[in-house]
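Structural description and commentary
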Amino acid sequence: QAVELRRVHQQSLQASEDCHSGHRLRAELNDARQEAAAFAASGRRLESELDGSMAARQEAQRRLHAAEAHIDDLQSRCDASSSSLRMAQAQGEAAQRDLWQARQHA
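Just so we're clear, the structure is a prediction, and the values are computed from it rather than from any experiment.

**Here we look at the pattern of salt bridges**
For side chains bearing opposite charge, pairing can occur when the charged atoms are close. The full count for this structure, using the stated rule, is four salt bridges. For the salt bridge of R24 with E28, the shortest nitrogen-to-oxygen distance reads 3.3 Å. Taken together, the residues R24 and E28, both in helix 1 (residues 2–105) and four residues apart, mark about one turn of the helix. According to the relative accessible area criterion, E28 is partly exposed, its value standing at 43%. We note a salt bridge from R62 to E59, for which the minimum N-O separation is 2.6 Å. Of this pair, R62 and E59 both sit in helix 1, separated by three residues, roughly a single helical turn.

Rules of the game
For every chain, the first residue of its written sequence is number 1, and the numbers climb from 1 along that sequence. The model is predicted, so local features are restricted to residues of pLDDT at least 70 and side-chain atom pairs to those at 80 or more, both for listing and for counting; the totals for chains, interfaces and linings are taken over all residues. Hydrogens and water are ignored here; the side-chain numbers use all heavy atoms of the structure. By salt bridge we mean one thing: a side-chain nitrogen of Lys or Arg within 4 Å of a carboxyl oxygen of Asp or Glu. Counting from the N terminus, the helices are the DSSP runs of H or I reaching at least four residues and the strands are the DSSP runs of E reaching at least two. To sort residues, take the accessible area from a 1.4 Å probe on protein chains only and compare it with the maximum for the residue type: under 20% means buried, over 50% means exposed, and anything in between is partly exposed.

See below:
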């Protein structure tokens, strides 16, 4: 009967240890689930921030392309104005020479 009592006692200790291990594992599982949920929330927040950053980048690129097109237009107009100015200066110089020559012959 003492042997049986020891066997039952051992089984009882083992069951108690198994129960304690089960509680500990359940607590670890809950902790892991909470950590996974926190990581998932962080991931969603980072994805949202990335989406916002990508939208801002696209808007900046659009504005840059518009500014480049405006600069190209201004450069074309500046080049045309410079060409017209050089032509007008050359005509003015020719007119001054003609006037000077006309005064010399008069």
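Additional details are given in the paragraphs that follow.
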